[in-house]
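Here is what each chain is made of, one letter per residue.
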Amino acid sequence: DAGVIQSPRHEVTEMGQEVTLRCKPISGHNSLFWYRQTMMRGLELLIYFNNNVPIDDSGMPEDRFSAKMPNASFSTLKIQPSEPRDSAVYFCASKTSGLATQYFGPGTRLTVL
Amino acid sequence: DQQVKQNSPSLSVQEGRISILNCDYTNSMFDYFLWYKKYPAEGPTFLISISSIKDKNEDGRFTVFLNKSAKHLSLHIVPSQPGDSAVYFCAASALYNQGGKLIFGQGTELSVKP
């Protein structure tokens, strides 16, 4: 039974480049969440979707960040242009709406040089 | 404004003894509380949860206690095992008001020594 799948697991890029992180939620889950983990700010919610619709993007740091969910089985988080302060681990999580428990993917460690 | 706080960054416990991890929250709208365990280079793994209508939930060696009046919850691990060594995150959700997004504490790193 596959859990949440994220790719790539590691990404190293240079400042100014576009970065795209990918997530496949657990089949049947209809809520999807993007989180970022840093030493300074801990685990913080960036954006979440219900039934492929963005519900709350108040955690997205700035316009350089965008997220899409074109269908129930795929979501992307894009950073354009990337900056060194974007270096962090980005997690995707999914759940069934109406339930509290979220299931996390393994994360993407992003390093922006 | 940190709505969920874990004031102890680290905790060291001897194998076989009890581990108690604490968490405080400020938002009275939270109606569900969860504990996650995280190993390095992995995503957080769900451990145990409790609804705000309960004051205790138990699952094997893990028990979560909720004190709503004090806005405090704790996770007890008995007996502690070396494999329990990880970072533990407390999370809170206002499931029916905010769509179930989780607000996390900063985490407590538990070290269980053989």
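Residues numbered from 1 in each chain as written. Chains lettered and ligands numbered in written order. Predicted model: local features only at pLDDT ≥ 70, side-chain atom pairs only at ≥ 80, totals over all residues. Heavy atoms only, no water.

Draft legend 1. Looking closely at a nonpolar patch on the surface. Among the surface-exposed residues, Ile-18, Ile-20 and Val-78 of chain B lie close enough to one another that they form a single nonpolar patch of about 220 Å² accessible area. Structurally, the position occupied by Ile-18 of chain B is in the loop between β2 (10-14) and β3 (19-25). (Patch = residues over 30% accessible without salt bridge, like charges linked within 9 Å, V, L, I, M, F, W, Y side chains within 5 Å. Areas by Shrake-Rupley, 256 points an atom, 1.4 Å probe, with all protein chains shown as cover. Salt bridge = Lys/Arg side-chain N within 4 Å of Asp/Glu carboxyl O. Helix = DSSP H or I, 4+ residues; strand = E, 2+ residues; numbered from the N terminus.)

Draft legend 2. Representation of the sheet that holds strand β3 (residues 19-24) of chain A within the structure. Residues and elements named next belong to chain A. An order of β1-β3-β8-β7 is seen for the 4 strands of this open sheet, with the pairing classed as antiparallel. Looking along the sheet, the strands with just one partner apiece sit at the ends: β1 (5-7) and β7 (65-71). Across this sheet, the average inter-strand angle for adjacent strands is 15°, counted without regard to direction. With 5 bridges connecting them, β3 and strand β8 (residues 74-79) associate as antiparallel partners. (Pairing = 2+ DSSP bridges. Axes fitted to C-alpha atoms, helices over the stretch in contact; angles between N-to-C directions.)

Draft legend 3. Quick peek at the interface of chain B and chain A. Contacts between chain B and chain A engage 19 residues on the former and 21 residues on the latter. Counting each side, the surface lost to burial between chain B and chain A is near 1,500 Å², with a carbon and sulfur contribution of 58%. Ranking the residues of chain B by area buried against chain A places Pro-44, Lys-101 and Phe-104 of chain B at the top, with a combined share of 29%. For the pair chain B and chain A, the number of links is 1 salt bridge. With a closest N to O distance of 2.6 Å, Asp-56 of chain A and Lys-101 of chain B form a salt bridge. Those elements giving two or more residues to the side of chain B that touches chain A turn out to be β4 (32-38) and β10 (102-104) of chain B. For the side of chain B that touches chain A, the leading source of residues is β4 of chain B, giving 4 residues. Partitioned by chemical class, the residues of the side of chain B that touches chain A number 11 nonpolar, 5 polar and 3 charged. (Contact = heavy atoms within 4.5 Å. Buried area = accessible area lost by both parts, 1.4 Å probe. Nonpolar A, V, L, I, M, F, W, Y, C, P; charged D, E, K, R; others polar.)

Draft legend 4. Highlighting the state of the cysteines. Using the criterion set out here, one finds 2 disulfides over all chains in the structure. Across the disulfide, Cys-23 of chain A is cross-linked to Cys-92 of chain A (sulfur-sulfur distance 1.8 Å). With the S-S dihedral at roughly -65°, the linkage between Cys-23 of chain A and Cys-92 of chain A falls on the left-handed side. Placement of the pair is Cys-23 of chain A in strand β3 and Cys-92 of chain A in strand β9 (residues 88-95), with a sequence separation of 69 residues. As far as burial versus exposure is concerned, Cys-23 of chain A and Cys-92 of chain A are alike and both buried. There is a disulfide in this structure between Cys-23 of chain B and Cys-90 of chain B, and the S-S distance comes to 2.0 Å. When the S-S torsion is -70°, as for the bridge of Cys-23 of chain B with Cys-90 of chain B, the disulfide is left-handed. Placement of the pair is Cys-23 of chain B in strand β3 and Cys-90 of chain B in strand β9 (residues 86-93), with a sequence separation of 67 residues. Both residues of the pair, Cys-23 of chain B and Cys-90 of chain B, belong to the buried class. (Disulfide = S-S within 2.5 Å. Buried < 20%, exposed > 50% of the residue type's maximum accessible area, 1.4 Å probe, protein only.)

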